[in-house]
Amino acid sequence: KEKGAEFIWFDGKFVKWEDAKVPVFTHALHYGTAVFEGIRGYSSKDNVFVFRLKEHMERLHRSANVYSLTVKHSAKELSDATVELLKKNKMRESVYIRPLTFVGMHGIDLNVTKDSPTHTIIVAFPFAKYFKGDGLKARVSSWRRISDQTTPPLAKAAGNYLNSVLATQECRRDGYDESILLDVAGNVSEASGENIFLVRNGNIYTPYFADSALEGITRESAITMARGMGYTVTERPIPRAELYMADEIFLTGTAAEIVPVTSVDGHTIGTGKEGPVSKSIRQTYEKVVTGGVKEYTDWLTPVW
Ligand code: PMP
């Protein structure tokens, strides 16, 4: 479905898309023993700017550490490989980039160690909007977000996404666009693939990442930009009911970018349209990722 690029980077070599294959007994396929990243490159000014490439590759390494997976290439090498990959594929459009480190042939042994065989791939394909429309209709999932006591959401591991799949299936079946998950204690954690922010009286709130959510790179970017714009951003627990009281809610994620939530469980949020705070941060983000804000150009890696 995502085919687009001719070449895939596979353990340090460029391999044709059709030839980039793994055995059916690949450990990660059976046990979810893989860590990955989602990165975007934005087409602008005759160039492609990869957003926060270094930070994503460093997070890949941190996720791998949690499960003792060896990533054979440094974050710098993977960043350079990504630029080379886009060049090799002659990509000039906006792209999604997916690095993945997975356990290969390791039988049925659950004792994955630093010495277990791992492979790393980087795939890139043309990508536009993730969510369509002007605002998301969300529901609070009946599934709880995984916790640090079970499979830590701080690590971006493949297996974590079974929880996101269940939540997404439930919300789509019920006619919603996206699910918001509570953590095991009942506080708001994150959406199926995005971090969450609330706006009340012009101030911005978001849950502590350490409780039950991914350390989102868009989240951190949004906090930095919002503070730079003069907003107060506070990290604290957010109870479910506060979702219904918020003036504005927005989600942040590489794929979703910055997107407003206009209703939760049928409760209209604010006016039912994107609010002014969400809008100002979204518009700043759109300028930042395409190289339009000097202050943040060090977040971008130009390809060409
Ligand atoms: N939470 C989850 C569960 C995600 O999958 C993602 C997407 N990577 C995010 C949050 C947002 O993270 P980021 O801004 O780094 O893409």
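What counts and how
- Residues numbered from 1 in each chain as written.
- Predicted model: local features only at pLDDT ≥ 70, side-chain atom pairs only at ≥ 80, totals over all residues.
- Helix = DSSP H or I, 4+ residues; strand = E, 2+ residues; numbered from the N terminus.
- Rg over C-alpha atoms; globule rule 2.2 N^0.38 Å.
- Buried ≥ 20, exposed ≤ 12 C-beta atoms within 10 Å, placed from the backbone.
- Contact = placed C-beta atoms within 7 Å.
- Near = placed C-beta within 6 Å.
- Nonpolar A, V, L, I, M, F, W, Y, C, P; charged D, E, K, R; others polar.
- Axes fitted to C-alpha atoms, helices over the stretch in contact; angles between N-to-C directions.
- Parallel < 35°, antiparallel > 145°, perpendicular 65-115°, else oblique.
- Left-handed = near helix turned anticlockwise from the far one by under 90°.
- Pairing = 2+ DSSP bridges.
- Expected span 1.5 Å × (residues − 1).
- Arc of directions from axis to C-beta.

Brief notes about the overall build of the protein chain
(1) Moving on: Along its length, the protein chain carries eight helices and 17 strands.
(2) Moving on: Its C-alpha atoms give the protein chain a radius of gyration of 19 Å, near enough to 19 Å, the size a compact globule of 304 residues would have.
(3) Moving on: Across its three principal directions, the C-alpha atoms of the protein chain cover 50 × 45 × 30 Å.
(4) Moving on: Across the 304 residues in the protein chain, those meeting the buried criterion constitute 44%.
(5) Moving on: Taking contacts inside the protein chain between residues at least 6 apart in sequence as the whole, the part at least 24 apart equals 69%.

Looking at the site of the ligand
(1) Moving on: With respect to spatial proximity, 15 residues lie near the ligand, and among them G216, I217, T218, G253 and T254 are the closest.
(2) Moving on: Those elements giving two or more residues to the shell around the ligand turn out to be α6 (217–228) and β14 (248–253).
(3) Moving on: With three residues, α6 is the single largest residue contributor to the shell around the ligand.
(4) Moving on: Split by residue class, the shell around the ligand holds three nonpolar, nine polar and three charged.

Some details on the packing of helix α2 (residues 53–66) against helix α3 (residues 75–88)
(1) Moving on: Contact geometry of α2 with α3 gives a least axis separation of 9 Å together with a crossing angle of 130°. In terms of their interaxial angle, α2 and α3 are classed as oblique. Seen from above, α2 lies across α3 with right-handed handedness. Here L53, K54, M57, E58 and H61 of α2 lie close against α3, whose contacting residues are A75, L78, S79 and T82.
(2) Moving on: Looking at the contact of α2 with α3, its residues break down into four nonpolar, three polar and two charged.

Describing unusual backbone geometry
(1) Moving on: Unlike most non-glycine residues, S68 shows phi in positive territory, near 55°.
(2) Moving on: With a phi angle near 50°, N201 is a residue other than glycine that sits in the positive phi range.
(3) Moving on: When you line up the elements, N201 lands in the loop between β11 (195–200) and β12 (203–206).
(4) Moving on: Accessibility expressed as a C-beta count within 10 Å gives 6 for N201, which makes it exposed.

Remarks on the pairing of strand β9 (residues 178–182)
(1) Moving on: Most of β9 sits out of view: five of its five residues are buried.
(2) Moving on: Side chains of β9 alternate between two faces, with E178, I180 and L182 and S179 and L181 buried alike.
(3) Moving on: In this structure, the hairpin formed by β9 and strand β10 (residues 188–191) is closed by a connection of five residues, where G186 is found at a positive phi of approximately 100°.

Section: helix α8 (residues 276–289)
(1) Moving on: An ideal rise of 1.5 Å per residue puts 20 Å on 14 residues; α8 measures up with 20 Å between its terminal C-alpha atoms.
(2) Moving on: Among the residues making up α8, those that are buried are V277, S278, I281, T284, Y285, V288 and V289. Buried positions in α8, seen along its axis, are confined to an arc of 135° and lie on one side of it.
(3) Moving on: Following α8 by one or two positions, G291 has its phi on the positive side, about 85°.

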